[in-house]
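In case you want the letters, here they are:
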Amino acid sequence: MNRLFTLPRVSLATVPTPLQPAPRLSDTLGVEVWLKRDDLTGLGLGGNKARGLEYLIGDALAQGCDCLVTGAGPQSNWAMLAALAARRTGLDPHLVFYGSPGAGPATGNLLLDELIGAEVHYTGDSDRSSVDRVIDAVAEKLRVMGRRPYRLPRGGATGLGATGYLRASLELSEQLLGAGLSPSQLWLATGSCGTQAGLVAGARWLAAPYEVVGVSVSRPAAECVRRVDSLANDVAALLDLPCVPGEITVLSGHIGPGYGIPSDEGDAATRLVAQTEGVFLDPVFAAKAMGALVRRAREKPLVGPVVFLVSGGAPTLFAGRASTSRGAAALEAAL
Ligand SMILES: *Cc1c(COP(=O)(O)O)cnc(C)c1O
């Protein structure tokens, strides 16, 4: 039996998530689009991070840990879902955020972190990488206090975390078979790269017909390609799968004003999908990936069908921003 099924794992996501046709969006774009609804994974308000956390928390419990330390920005979907997964499994959640506490009431994910009762630490440094250092420091302090902390890097982007999306590839291939679909592409937003890495490793393992198309929302595309490649190899090694080389596709040019800052293109895509299909895209990730798909479909004919991963992030729809990209500074400061 493949190690995919024997690695320690806790059940957190309600799967399979729906694979739904998007007929009105397809008409608008001139290509058949299907939505893989990982905004409906059922942990908190849903999202892609639930899948990786099944393996990461499984490992934490197998190692006998009693608390979890991770971090990101105060509006991070990852941090909130990791804290929630910790609560679901009896671990105490500690979150490290860069920057300093903001003034005013907590909104979006920060409000949820408060409801979860996560212990929140600020680095006092606006540099995102300050989180990594303080995660180590908080874990060390907990260890000195006699606790058994489990440390997780930003985004949960490790070979083990990416295993969640290798498993999702299997789920998707069963759904595609059932629907009689052979898509040309699978589109998604790429941030810390673990999700795309799991999907790439899964597509290679299953010899899937589709190309995995990542849309970078934070890093230069070349850096994403390197990270996806390295993480995909880590997953393959972890699961004893043959290491199949292949191209990795990451599109650039869709970040807009910056990571975490809503873009006009993304906002337009969010409105389009809400108004054609009744599905909400988050402003930081899925909106920008859909914006890229819309732009691509309008530039020249796209051979479908294509599958688009709706990856979650609902809380950031309420993270103290105006409804358009004008007035979006609050989110920028928080991611
Ligand atoms: C984290 C996240 C992504 C990107 O996943 P990575 O594994 O970090 O690349 C996409 N969409 C949403 C909503 C996310 O929270």
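Residues numbered from 1 in each chain as written. Predicted model: local features only at pLDDT ≥ 70, side-chain atom pairs only at ≥ 80, totals over all residues. Heavy atoms only, no water.

**Student:** Looking at this model, I keep getting lost on the packing of aromatic side chains. Mind explaining?
**Tutor:** For any two aromatic rings, the description comes down to two numbers: the centre-to-centre distance and the angle of the planes. Counting across every chain of the model gives two aromatic pairs. Judged by centre distance (5.8 Å) and plane angle (65 degrees), the rings of Phe97 and Tyr122 are edge-to-face. In this pair, Phe97 sits in strand 4 (residues 92–97) while Tyr122 sits in strand 5 (residues 119–122), placing the two residues 25 residues apart along the sequence. Consider the rings of Tyr259 and Phe285, whose centres lie 6.2 Å apart with planes at 70 degrees: the pair is edge-to-face. Of the two residues, Tyr259 is situated in the loop between strand 9 (249–251) and helix 9 (264–277) and Phe285 in the loop between helix 9 and helix 10 (286–299); the sequence distance between them amounts to 26 residues. For Phe285, a relative accessible area of 13% puts it in the buried group. One Lys or Arg, Lys49, reaches over the ring of Phe285 and ends 5.4 Å from the middle of that ring. When the ring centre of Tyr165 is taken as reference, the NZ or CZ atom of Arg51 above it lies at 5.5 Å. (Phe/Tyr/Trp six-rings, centres within 6.5 Å; stacked < 30°, edge-to-face > 60°. Helix = DSSP H or I, 4+ residues; strand = E, 2+ residues; numbered from the N terminus. Buried < 20%, exposed > 50% of the residue type's maximum accessible area, 1.4 Å probe, protein only. Lys NZ or Arg CZ within 6 Å of the ring centre and 35° of its normal.)

**Student:** How do you make sense of the sheet that holds strand 5 when you look at a structure like this?
**Tutor:** Adjacent strands of a sheet form backbone hydrogen bonds with each other and so pair up, either parallel or antiparallel. Strand order in the open sheet formed by four strands is 5-4-3-6, with parallel pairing between adjacent strands. Strands with a single pairing partner mark the edges of an open sheet, and in this sheet they are strand 5 and strand 6 (149–151). Sheet twist, expressed as the mean angle between neighbouring strand axes with direction ignored, is 25 degrees. Where strand 3 (residues 67–72) meets strand 4, six bridges bridge the pair, whose relative direction is parallel. Across the sheet, Ala72 pairs through a bridge with Phe97, a residue of strand 4. Most of the contacts of helix 5 (residues 130–144) go to strand 3, to which it runs at about 160 degrees, and overall it touches strand 3, strand 4, strand 5 and strand 6. (Pairing = 2+ DSSP bridges. Axes fitted to C-alpha atoms, helices over the stretch in contact; angles between N-to-C directions. Contact = heavy atoms within 4.5 Å.)

**Student:** Quick question: what am I supposed to make of the site of the ligand here?
**Tutor:** For the ligand, the set of nearby residues contains 15 residues, the closest of which are Lys49, Gly191, Ser192, Thr195 and Ser311. Here an oxygen atom of the ligand sits 2.8 Å away from a polar atom, N or O, in the side chain of Lys49. A distance of 2.8 Å separates an oxygen atom of the ligand from a polar backbone atom of Cys193. Taking a 2 Å distance to the grid points as the criterion, the majority of the atoms of the ligand fall inside the largest pocket. Going through the elements one at a time, strand 7 (185–190) and helix 7 (194–206) are the ones with two or more residues in the shell around the ligand. (Near = heavy atom within 4 Å. Polar contact = N/O pair within 3.5 Å; in protein donor to acceptor, adjacent residues only side chain to side chain. 1 Å grid on protein atoms, 1.4 Å probe; cavity = no way out; pocket = protein on both sides within 12 Å on 5 of 7 lines; lining within 4 Å. Sits in = over half its atoms within 2 Å of the grid points.)

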